[in-house]
Amino acid sequence: QVQLVESGGGLVQAGGSLRLSCAASGRTFSSYVMGWFRQAPGKERDFVAAISGSGGRTYYRDSVKGRFTISRDNAKNTVYLQMNSLKPEDTAVYYCAADPRVSFTAGLTSDKTYDYWGQGTQVTVSS
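The following paragraphs examine the structure supplied in this document. (Residues numbered from 1 in each chain as written. Predicted model: local features only at pLDDT ≥ 70, side-chain atom pairs only at ≥ 80, totals over all residues. Heavy atoms only, no water.)

## Structural notes on the side chain of Glu6
Right, so step 1: Tracing the sequence through the fold places Glu6 in strand β1 (residues 4-7).
Right, so step 2: Buried and unpaired, Glu6 has no salt bridge, with Arg45 as the nearest side chain of opposite charge at 7.8 Å.
Right, so step 3: Of the polar contacts made by the side chain of Glu6, one reaches the backbone nitrogen of Cys96; its length is 2.8 Å.
Right, so step 4: Within the structure, the side chain of Glu6 is placed 2.8 Å from the backbone nitrogen of Gly120, a separation counted as a polar contact. (Helix = DSSP H or I, 4+ residues; strand = E, 2+ residues; numbered from the N terminus. Buried < 20%, exposed > 50% of the residue type's maximum accessible area, 1.4 Å probe, protein only. Lys, Arg positive; Asp, Glu negative; His and termini not counted. Salt bridge = Lys/Arg side-chain N within 4 Å of Asp/Glu carboxyl O. Polar contact = N/O pair within 3.5 Å; in protein donor to acceptor, adjacent residues only side chain to side chain.)

This is the structure:
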């Protein structure tokens, strides 16, 4: 079992920055690919970014490349999402996710393949 708790959301003006954190329980955290997803009102939950267990590989959706950075600190069992140059269209509830089956070759960007989810944190970007 893995428990995930997000924090760091809030209200920010366009062009601003936020850093989201996701604290995970469990001794095997460093072996899990971790993902960030987001869900805007009335829309499906979309993939944002993912990072390998070691932190050596990352992957982003096109619309956040160059603005968002995913990282992790395995000593603290925490994954981060640094979000810069925020836009109103980034407004959503952001979720972190984990699953031992997910890899960079299978299921990385699909929310259907992650079993463990946090409760979400609201990010609102005003124009």
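That was the structure; now back to the text.
## Looking at the sheet that holds strand β8 (residues 78-83)
Right, so step 1: What the 4 strands build is an open sheet, ordered β1-β3-β8-β7; its pairing is antiparallel. Two strands bound the open sheet, and with one partner strand each, they are β1 and β7 (68-73). Strand-to-strand, the axes of this sheet are offset by a mean angle of 15°, without reference to chain direction. (Pairing = 2+ DSSP bridges. Axes fitted to C-alpha atoms, helices over the stretch in contact; angles between N-to-C directions.)

## Side note on the packing of aromatic side chains
Right, so step 1: By the definition in use, this model includes 6 aromatic pairs.
Right, so step 2: When the ring of Phe37 is compared with that of Tyr114, the centres are 5.1 Å apart and the planes differ by 75°; the resulting orientation is edge-to-face. With Phe37 in strand β4 (residues 34-39) and Tyr114 in the loop between β9 (92-98) and β10 (116-117), this residue pair connects regions lying 77 residues apart in the sequence. Each member of the pair, Phe37 as well as Tyr114, is classed as buried.
Right, so step 3: Linked through ring pairs, Phe37, Phe47, Tyr59, Tyr95, Tyr114 and Trp117 together constitute an aromatic cluster.
Right, so step 4: Cation over ring: Arg45 sits above Trp117, and NZ or CZ is 3.7 Å from the ring centre.
Right, so step 5: Above the face of the Phe29 ring, Arg72 is positioned so that its terminal group lies 4.5 Å from the ring centre. (Phe/Tyr/Trp six-rings, centres within 6.5 Å; stacked < 30°, edge-to-face > 60°. Lys NZ or Arg CZ within 6 Å of the ring centre and 35° of its normal.)

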